[in-house]
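Spelled out, the chains give:
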Amino acid sequence: MAAPTIPKEMKALQLTALNTPYELRTVPVPQLVNPYDLLVKVAVASHCHTDTMVASGVFRSALPITGSHEGAGTVVAAGSSVTTFAVGDRVMCGLPLHPCGSCADCVGPNENERQYCVHVAGHVGVHVDGCFAEYVRVDARSTTPLPDAVSLLSAAPVACAGRTIWRGVLQTALVPGEWVAIVGSGGGLGHLGVQFAKARGLQVVGIDARDEGLELSRTYGADAVVDARKGKADVVGAVQAVTGGRGADATIVISDADSAAALGAAVTKMHGTMVQIAQPTTVDIPFEELVFRDIRIRGSLLCSPEESRGMLEAVANHGVVVKTNPFQGLEKIGELVELVKGGKIQGKAVIVVDPAQIEEDKKLGAKY
């Protein structure tokens, strides 16, 4: 495919000061500076909880910065060392930018730890400019090709949310037929986690504290749904009732509520595993859970390149549905943020940056 014409300037939504609204600005189109760089024409960019953390200064991001680390689009230029992508390829954007390529995480035997390199130049939309723009620069080594069946509209929100919860499910190390509890099952990550767990043959208890979240958990296939507002004792009892009195074989905690981690440990069986994904300032778990019940705690971050491919295969092969709330155009960011802040959103809020790519998806037959 012939290289498309790339403009010198583009529109982008930038955070220019902490705790302030995004500004729609005209900025230079990113330049390729590393041989593994890709320039992607953004089709869809998604909002994530991490964006609110960037806006509040949690990651000490240098400002101004273009928001969103969840994006999907089409490759329009590639660096000299890129052999796995060509102009015209549809991709789910990678988050880590320029890993060092020499540390234990980059070259060690465990491929599923590649995303942990601490010597990266930054993470897209967190430390370097992100996907709330017409073009974004990403690293080919962390970017994932899209199966024909997976739409750009679905690929953007799973660039972080999907990668994160997919690896969380993998970290439970459960086998088909076993029970996983998901604390926060009715949110953007949670409704994907329910489907991913079912795709792997697991039985799922969805735990949420919102009516909308409980409804979404049921809709996407949770075998049992428990209202966290009933209190710890009742929730533990409900989980034990559906798991033969044992508790969940493993639990994934997505909610960052103060009591979520303790609840996650409590509903897990003796000697079971709890995977902590949520990022509250502190993870508060009573010592009894760790010492007397031998609950094993694991953290999990994103996906490795191979895990990312496996996730998209699961979406394509099992018809995983990504619940999206689309807004047309970067100028709709204010409406998107208001929906997110309202607390009643189901699934993920996304911005369609380039409608033409969405139309091409339809011709391709992308159905998930």
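This structure is a prediction, so every number in the text was calculated from the model and none was measured.

Rules used throughout
- Residues numbered from 1 in each chain as written.
- Predicted model: local features only at pLDDT ≥ 70, side-chain atom pairs only at ≥ 80, totals over all residues.
- Heavy atoms only, no water.
- UniProt positions renumbered as here; feature names shortened; annotations may be inferred.
- Helix = DSSP H or I, 4+ residues; strand = E, 2+ residues; numbered from the N terminus.
- Pairing = 2+ DSSP bridges.
- Core = buried A, V, L, I, M, F, W, Y, C linked by side-chain atoms within 4.5 Å.
- Buried < 20%, exposed > 50% of the residue type's maximum accessible area, 1.4 Å probe, protein only.
- Contact = heavy atoms within 4.5 Å.

Caption draft 1: Summary view of the UniProt feature "domain: Enoyl reductase (ER)" (unreviewed entry) in the protein chain. Within this structure's numbering, the places UniProt gives as "domain: Enoyl reductase (ER)" (unreviewed entry) are residues 16–351. Taken as a whole, residues 16–351 contains 29% helix and 25% strand, while its terminal C-alpha atoms sit 20 Å from one another.

Caption draft 2: Layout of the sheet that holds strand S1 (residues 9–15). The three strands are arranged S2-S1-S4 in an open sheet whose pairing can be described as antiparallel. Both edges of this open sheet fall to strand S2 (23–28) and strand S4 (65–66), since each of them pairs with a single strand only. Examined bridge by bridge, S1 and S4 share two bridges and lie antiparallel to one another. The residue bridging Gln 14 from the neighbouring strand is Thr 66, located in S4.

Caption draft 3: Seen up close, unusual backbone geometry. Of note, the bond from Leu 63 into Pro 64 is cis; its omega dihedral lies within 30 degrees of zero at 0 degrees. Within the fold, Pro 64 resides in the loop between helix H1 (49–55) and S4. In this model, Ser 68 sits at a positive phi of 80 degrees, which is unusual for a non-glycine residue. Tracing the backbone through its elements, the reader meets Ser 68 in the loop between S4 and strand S5 (70–78).

Caption draft 4: Looking closely at the nonpolar core. In this structure, Met 92, Ile 165, Leu 192, Phe 196 and Ile 252 are the most contacted members of the largest nonpolar core, which totals 43 residues. Going through the elements one at a time, strand S3 (37–46), helix H3 (152–171), strand S11 (179–183), helix H4 (188–199), strand S14 (248–253), helix H9 (305–318) and strand S18 (348–352) are the ones with two or more residues in this core. The biggest single contributor to this core is H3, with nine residues. Apart from residues no more than four positions distant in its own chain, Leu 192 is found in contact with Val 158, Ala 161, Gly 162, Ile 165, Val 320, Val 321 and Val 322. Among the nonpolar cores identified, the runner-up in size contains 32 residues, and Val 75, Cys 93, Phe 132 and Ala 140 belong to it.

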